[in-house]
Each structure stands twice: as structure tokens, then as C-alpha cells.
Amino acid sequence: MDELRVTGGKVLKGDVLISGSKNAGLPVLFASVLSSGTTDIQNVPVLQDIKSSVALLESLGAEVFWDRESRDLKIQSDSISNFEAHYDLVRKMRASSLALGPLLARFGKAKVSLPGGCAIGARPIEIHLEGLKALGAQIDLEQGYVLARSQRLRGCRYELPFPSVGATENLMMAACLASGETELCLVAQEPEIVELAKALRSAGAEIEGEGSSTLRIQGKESLSEIHHTICGDRIEAGTYLIAGLMTGGAVKVLGVSPDHLTSVIVALKEAGAEIEVGSDWISLDSKGRRPLSVPIKTAPHPGFPTDMQAQWMTLMCLAEGKTEIEELIFENRFMHVPELSRMGAHLAIHGQKVEVVGGCELKAAPVMATDLRASASLVLAGLVAHGTTIVRRVYHLDRGYEQMEVKLQKLGADIQRVHS
Ligand code: UD1
């Protein structure tokens with residue numbers, strides 16, 4: 001299993017090219033199931049979750065051609081003849097449940113394993129299932145699988161009890177092939193939803209309202225070819241900006257829309273960073289200053305993203321005084337707290353809040369990555385810790401960060417991947 005060795009104390013400076021977004025890319029890969037033509041997706045990052053999705057689509061019978069050099073992925077799904085997403089594939093990646101809506105809408109049947117728990121919480125999918133029922137699907141649960149069947153789905157009005165990103169994606173994809181109009185209310189407003197709407201529209205889907213709380217979709221008999229370029233990964237970009245501020249450096253992230261990171265940019269400015277933005281870049285200059293204390297609460301978009309909470313907590317370990325970090329999306333997303341504490345951070349969990357007493361000196365230690373964003377927070381801690389931090393179980397990191405150690409080396413970090 002690979003590990004990362006990070007020796008702290010380097011000031012990060014320079015430009016970093018941001019990869020295509022994992023979370024924006026995954027739903028577009030699954031949307032290919034809806035398309036009667038060849039889906040062509042550009043700027044596809046080479047990440048474990050994308051590989052898992054490709055394996056799942058191939059297991060269904062889709063033909064996939066992935067040119068990793070040019071980052072171009074083509075999917076032909078007319079040949080799908082298996083409608084089961086097996087547990088072995090789904091347990092590796094929760095986003096596999098995004099196969100459900102498209103399979104059901106196009107082929108009238110789907111058998112998809114329930115994802116089960118994961119490190120950051122129970123993460124059920126009942127909103128996906130209730131929404132599909134509202135569209136006319138018959139849903140049964142058997143031996144850990146969702147069995148979904150339907151004639152052609154029927155447009156409906158459905159109000160989500162919570163703006164789940166995955167449920168919004170599943171339902172908007174399914175509604176594209178339903179008869180008549182579907183109105184989805186209280187939907188997620190994340191940039192990934194806007195990107196998925198763009199991709200579906202390229203194939204002839206009629207969608208209005210993406211980025212707001214209501215989506216209106218006129219169902220079509222079929223969708224043609226999807227042509228889509230995946231946007232830059234806002235969470236990857238935010239992570240490198242925090243790395244710049246933590247190390248007292250200056251970092252410019254290229255290939256990402258600042259509009260996708262508004263709440264993070266506001267918080268970074270409050271923390272004392274000087275920020276400039278262009279249409280597809282963001283630059284941060286710490287001016288060599290220590291960050292200031294800025295409390296955050298995670299919330300659905302446009303609030304502060306839960307996927308940046310662990311990284312923000314690490315940043316706040318350096319700020320003088322007390323800071324409160326509140327996690328309102330996932331019930332168990334503080335797995336990084338005990339690991340950061342082993343590095344000398346002063347953190348106390350009170351329910352859904354963590355009190356950070358900043359201004360401490362972090363010290364290197366062997367630490368264990370527990371989930372994707374927690375892993376990133378440990379690498380960030382390693383960048384400023386005294387000594388060499390060893391981050392184990394980096395396969396979590398590899399699910400969502402493309403060549404993190406290479407990008408950090410280019411910025412001047414002392415970091416190596418060791419195959420052990
Ligand atoms: C997506 C992102 C993930 C991000 C999350 C929240 C992808 C591949 N993953 O995950 O990185 O952290 O959005 O921004 O895009 N919930 C239910 N019932 C449901 C669905 C969700 O209770 O049917 C709960 C979840 O347990 C969780 C919360 O709603 O507590 C948010 O989940 P959701 O927005 O669905 O996240 P994902 O789509 O899984």
C-alpha cells in the first residue's frame with residue numbers, strides 16, 4: 001500500500017493546473033446510459049473513482065474507450081444488456097447509485113446494490129428512491145439490492161426533503177426520458193448540477209432552473225450524443241489555495257471557475273489572504289502572514305462545502321485563538337480530528353462542532369487517512385509540521401486528487417510517494 005512522506009517547512013509558490021472535477025464527471029459518465037449515441041467527455045481526470053465507474057459501465061455491457069493521455073472518454077451504451085450494479089463495484093464507490101435513474105429511465109429495469117455505510121456517515125439513498133417512485137417506478141429492496149422496474153417513467157412534481165446532490169442528479173437524469181414535465185423542488189444547487197444539466201442539454205434534453213432550487217424538465221423519447229468537457233475541480237483547487245495560505249506562500253490555481261468557490265474565497269479573504277480571480281483562475285497571496293481565525297458551518301451550496309471542512313480545520317490549527325467548525329451535512333465527518341490531534345492540534349469535538357484552539361506547532365507523526373478529504377487535511381498538516389509526516393492509506397486520496405504529490409512538488413513541497 002502506498003504512503004506519502006511529507007517534510008514540513010517549505011513555502012509553497014507557483015501555479016498549479018487543476019484537474020477535471022471528479023464529482024462533476026461521475027454523473028456525466030452515468031448519464032451516458034441515457035444516450036442513444038456515443039457520449040464524448042473531455043478533461044476526464046485519471047482517478048480511482050472514474051476507473052470504478054468505467055468498470056461498472058463495462059459490467060453493464062457499455063463499450064468504453066478511454067484515452068488517458070488526451071483525457072478523452074467515449075461511451076457507447078446501446079450495447080447495455082445487464083442491468084445489475086453488483087455490490088462488489090458499488091461498495092467501492094457510493095456514486096454507483098447514479099446508475100439507477102438512467103438504467104430505469106432507458107431500459108425500464110435496474111438492480112443496484114445499496115451502498116451501505118461509509119466512513120463519514122450512513123449516507124442512505126431513500127430520497128433517490130422516493131423520487132423515482134414519484135416518477136412511477138416500482139421499487140423493492142431485496143437482499144441488499146434495490147430492484148427498480150417501470151414502464152416509461154411519468155413526469156411528476158417531487159419535493160426533496162433535503163437538497164441531496166446525488167438524488168438531484170439521479171432524478172434529473174431519469175426525468176429526461178419520462179413522459180411529460182417533471183418539476184423537482186428544493187433540489188441541490190451545486191455547480192455539479194449545473195454541469196450535468198449542460199451535458200444532458202448537449203444531447204437534446206430540455207432542462208430549466210439548474211443552479212436554483214427548482215428544476216423543470218420536459219421528458220424526451222430519447223437523447224442523442226452527449227458532448228461535454230468536465231469543469232475544473234473546485235475542491236482540489238480550494239485544497240491547494242489553503243496549502244498556499246498555510247505555508248505562508250502564494251499559489252495560483254488554473255483551470256477552475258472562481259464562481260464555483262465563492263464561499264471558500266470569502267472565508268480565505270477573512271482569514272487574511274489576498275485573492276485575485278480571472279475567468280478560470282484564482283490566485284492567493286498569504287503575504288507571509290499567519291491565517292486569522294474564521295469559523296465556518298458547512299451547508300448545501302452556496303454555503304461552505306463539506307468537502308472543504310477537514311482542510312479548513314487544518315488551516316485553523318495555525319490561526320491564533322479559538323475557532324468553531326460546524327459540520328451540518330454529514331453526521332460523522334470528523335475522522336481527521338484524532339489524527340490531527342496526534343500531530344499536536346488542540347481539537348475538541350462537541351456533537352456536530354469542533355472547537356479548534358489554534359496557534360499550536362504541529363509535529364510530524366505517522367497518521368492514517370480515513371476518507372478522501374480527511375486524507376487531504378493530513379497532507380496539509382504535514383506541509384507545516386516539524387519533521388516528516390507519514391500519511392498511510394493514501395488510496396483514499398487517490399480516489400479524488402490526481403497526482404497530488406507531483407503537483408505539490410512543483411509548488412516546492414518536500415513530499416514523496418513511497419510504494420510499500
Ligand atoms: C455528493 C458528493 C460529496 C459531497 C456531498 C455533499 C459526489 C460523487 N459526491 O455526495 O463529495 O460531500 O455531495 O456536498 O458528488 N442523504 C440522505 N438520504 C438520501 C441522500 C442523502 O439522508 O437519499 C443525506 C446523506 O446521508 C448526507 C446528506 O444527505 O448526510 C448529503 O448527501 P448528498 O448530498 O446526497 O451527498 P452525495 O450525493 O452522496
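In what follows, the structure referred to is the one given above.
Right, let's walk through the structure included here. (Residues numbered from 1 in each chain as written. Predicted model: local features only at pLDDT ≥ 70, side-chain atom pairs only at ≥ 80, totals over all residues. Heavy atoms only, no water.)

**A word on the pattern of salt bridges**
Piece 1. Under the defined criterion, the tally for this structure stands at 31 salt bridges.
Piece 2. With a shortest N-O distance of 2.7 Å, Arg106 and Asp78 are connected by a salt bridge. Residue Arg106 is located in helix 4 (residues 100-107), and its partner Asp78 is located in the loop between strand 5 (72-76) and strand 6 (84-85); the two are separated by 28 residues in the primary sequence.
Piece 3. By relative accessible area, which is 41% here, Asp78 ends up partly exposed.
Piece 4. The shortest N-O distance in the salt bridge between Glu221 and Arg152 comes to 3.5 Å. Here Glu221, found in the loop between strand 13 (214-218) and strand 14 (227-229), pairs with Arg152, found in the loop between strand 9 (145-149) and strand 10 (157-159); they are 69 residues apart in sequence, far enough to count as distant. (Salt bridge = Lys/Arg side-chain N within 4 Å of Asp/Glu carboxyl O. Helix = DSSP H or I, 4+ residues; strand = E, 2+ residues; numbered from the N terminus. Buried < 20%, exposed > 50% of the residue type's maximum accessible area, 1.4 Å probe, protein only.)

**Let's talk about the sheet that holds strand 19 (residues 322-326)**
Piece 1. Read across the open sheet, the four strands follow the order 18-19-21-20; overall the sheet is mixed. The outermost strands of the open sheet, each flanked by one partner alone, are strand 18 (296-297) and strand 20 (346-350).
Piece 2. Note: strand 18 against strand 19, two bridges, orientation parallel. Paired with Ile296 across the bridge in strand 19 is Ile325.
Piece 3. Against the sheet, helix 10 (residues 309-316) engages strand 18, strand 19, strand 20 and strand 21 (353-357), with an angle of about 175° to strand 19. (Pairing = 2+ DSSP bridges. Contact = heavy atoms within 4.5 Å. Axes fitted to C-alpha atoms, helices over the stretch in contact; angles between N-to-C directions.)

**Notes on the packing of helix 1 (residues 22-31) against helix 7 (residues 191-202)**
Piece 1. The interhelical angle for the contact between helix 1 and helix 7, taken along N-to-C directions, is 30°, at an axis separation of 9 Å. The chirality of how helix 1 crosses helix 7 is right-handed. Residues Asn23, Ala24, Pro27, Val28 and Ala31 of helix 1 lie in contact with helix 7, whose contacting residues are Glu192, Glu195, Leu196, Ala199 and Leu200.
Piece 2. Split by residue class, the contact of helix 1 with helix 7 holds seven nonpolar, one polar and two charged. (Left-handed = near helix turned anticlockwise from the far one by under 90°. Nonpolar A, V, L, I, M, F, W, Y, C, P; charged D, E, K, R; others polar.)

**Some words on the nonpolar core**
Piece 1. In this structure, Leu57, Leu73, Leu132, Met172, Leu200 and Ile207 are the most contacted members of the largest nonpolar core, which totals 74 residues.
Piece 2. In contact with Leu200, not counting residues within four places along its chain, are Ala31, Leu34, Met172, Met173, Cys176, Ala205, Ile207 and Leu223.
Piece 3. With 68 residues, the next largest nonpolar core counts Leu261, Leu315, Val391 and Ala413 among its residues. (Core = buried A, V, L, I, M, F, W, Y, C linked by side-chain atoms within 4.5 Å.)

**Focus: helix 5 (residues 126-134)**
Piece 1. Every buried residue belonging to helix 5 is among Ile127, His128, Leu129, Gly131 and Leu132, and all of these are buried.
Piece 2. Buried-residue contacts for helix 5 involve helix 4, strand 8 (138-142), strand 9, strand 10 and helix 6 (165-175).
Piece 3. Positive backbone phi, approximately 105°, marks Gly136, located one or two places after helix 5.

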